[in-house]
Amino acid sequence: MTKYIFTTGGVVSSVGKGIVSASLGMLLEARGLRIAMMKMDPYINVDPGTMNPYEHGEVFVTDDGAETDLDLGHYERFTSAKLSQKSNATTGAVYNTVIQKERRGEFLGKTVQVIPHITDEIKARIRSLTAEEEPVDVAIIEIGGTVGDIESLPFLEALRQYRLDVGPENCCCVHVTLVPFIDASGELKTKPTQHSVRALRDIGLQPDIIVCRTGKHSLAKEQRQKIALFCNVTNDAIINAEDISPLYAIPLNFKRQALDDIALRILGLGAPESDLAEWTAMVDRLQAADATAHIAAVGKYVGHDDAYKSINEAFVHAGIHNDCKVRLTWVDSEKLEQGADISKALEKFDGILVGPGFGSRGIEGKIAAAQYARENKVPYFGICLGMQIAVIELARHKAGLKGAASTEFVPETPHPVISLLSEQRGVKDMGGTMRLGQYRCELREGTRARAAYGADVIYERHRHRYEFNNEYLDALTAAGMVVSGVHPKGDHDLVEIIELKDHPWFCAGQFHPEFKSKPLRPQPLFRDFVGAALRYREKRD
Ligand code: GLN
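Residues numbered from 1 in each chain as written. Predicted model: local features only at pLDDT ≥ 70, side-chain atom pairs only at ≥ 80, totals over all residues. Heavy atoms only, no water.

Residue P116 follows I115 across a cis peptide bond; omega there is 15°. Residue position: P116 is located in helix α5 (residues 114–130). With a phi angle near 65°, N232 is a residue other than glycine that sits in the positive phi range. Topologically, N232 is positioned in the loop between α8 (221–231) and β11 (238–241). Backbone geometry at D323 places phi at a positive 50°, although glycine is not the residue there. You can call D323 partly exposed: its relative accessible area is 37%. (Helix = DSSP H or I, 4+ residues; strand = E, 2+ residues; numbered from the N terminus. Buried < 20%, exposed > 50% of the residue type's maximum accessible area, 1.4 Å probe, protein only.)

See below:
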């Protein structure tokens, strides 16, 4: 019998529901329970793959190629829940399914409505998450957005119904709210939380646990009691979630407040006590690190960190392994163009990252950065577009292929060293049509990549439309490029990883290694890149 935890948010968006859900998942897993996780997003896009990552945050990709909300990245980094196409559902996806059924005549004779048809579809998706062959003890369902939003109403109504369908004793509602601190009066204000809970109760959902985001402050006993009283929740279930750094210490804060015990009590579940020694040691090691590796992330200017969430986190994990902090500094690639002093911009860094990207803006600056890294033997790490950039740079400056480019930026290039994947020809739709998800990659003997992974076959996740053009394989190999890993496609080997000979550390992959990195299991390429950056720093100093 599966039990359910529903996480909702109140007062403001971005209140940290994803981290709360992931932390709770981690704590329950540590108690030997099998968990599943899911995020429901109220927007109309069928998935976030068509949204601007600079506004909405990164698109996280699962093994089976779902383009999902970045909160799923937190779920994977904190837990071992298996995420898939089923793990993220948007209003758009739900309506899409219902409308297709209507067109097929599955509701023939009926008026199709939000209740029951849309809510039924939402419930079916929750049910399908737990109807696997592999049983789940607790399914955690997070609802995006904020209580009170028009667009989240069908999801909350579906939860209200679902709770009755499976029995209220099998459900636990966790509400995450902001408790603001008002400087003028010098106190935390509980009123917005009361209003938010009232809005939730109007819909028919009573929270069992309230997680209060209190910023730099902590709830006093009286404030806890006040929230408990006004919101009809037990005192101990008012959880204090002040800002905590590092991120991975957050579940430990919840553990100190017995959040897992409270959830288990509400769900009527017994579970053995957990041993968080390994996680705690990881957090301690992260905090104790005193060295710093300075990495330049060369790319388009980004307003906020969420656009590259998994990359930032993968560097944290790599830092833990190398006992250092990794400071990632975004260097605007457009500023490296047209006669810019590249070495002045990059000489203070211990490593250079060129990350994923689309479109032609800033490309020449990225190529200049790759050239600088190659020529000055600065560790270089390319991810997806960053691999394509490394290939173009080498083609132009070492293989004598003047004007080499990707057909993504220069359709008429004389040397299309990067060109459209064959299966992409004729693809017109933008949503969900890239080469997505996990593919097998065979690593070649004697390469840095194989040494990093310690394996000859690996699986990494992808999200791209262009690939290395094998017509240029000989020219680039002669110029010093080593193909360290390929995906055999039948008609050709798709180049998945390249590296350079005669360079301390220059590796680039067509895939997104950041999606599989976890704090207790750093991704091998990130780990070794940071290691190389530290060695480079020592040698230089
Ligand atoms: N724009 C490139 C492609 O589609 C790279 C994509 C990426 O970096 N994710 O192939």
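By the element assignment, K518 lies in the loop between β23 (506–509) and α18 (524–540). For K518, which is buried and forms no salt bridge, the nearest opposite charge comes from E76, at a distance of 5.8 Å. Separated by 2.7 Å, the side chain of K518 and the backbone oxygen of E76 make a polar contact. (Lys, Arg positive; Asp, Glu negative; His and termini not counted. Salt bridge = Lys/Arg side-chain N within 4 Å of Asp/Glu carboxyl O. Polar contact = N/O pair within 3.5 Å; in protein donor to acceptor, adjacent residues only side chain to side chain.)

Next up on the list: the nonpolar core. Core analysis: the largest hydrophobic core is formed by 57 residues, its most contacted members being I5, V174, I209, V211 and F254. Per element, the largest residue contribution to this core is seven residues, and it comes from helix α1 (residues 17–29). A296, M387, A404 and L500 belong to the second largest nonpolar core, which has 45 residues in total. (Core = buried A, V, L, I, M, F, W, Y, C linked by side-chain atoms within 4.5 Å.)

Let's shift gears to the sheet that holds strand β2 (residues 35–41). Read from one edge to the other, the open sheet built from seven strands follows the order β5-β2-β6-β1-β7-β10-β11, with strand pairing classed as parallel. The open sheet is flanked by β5 (88–90) and β11, the only strands paired with a single partner. Between one strand axis and the next, the sheet turns by 20° as a mean value, whatever way the strands run. Two elements, β2 and strand β6 (residues 138–143), share six bridges in a ladder whose sense is parallel. Bridging from a neighbouring strand, M38 pairs with I141 of β6. The strands touched by helix α3 (residues 71–78) are β2, β5 and β6; relative to β2, the strand with the most contacts, the crossing angle is about 170°. (Pairing = 2+ DSSP bridges. Axes fitted to C-alpha atoms, helices over the stretch in contact; angles between N-to-C directions. Contact = heavy atoms within 4.5 Å.)

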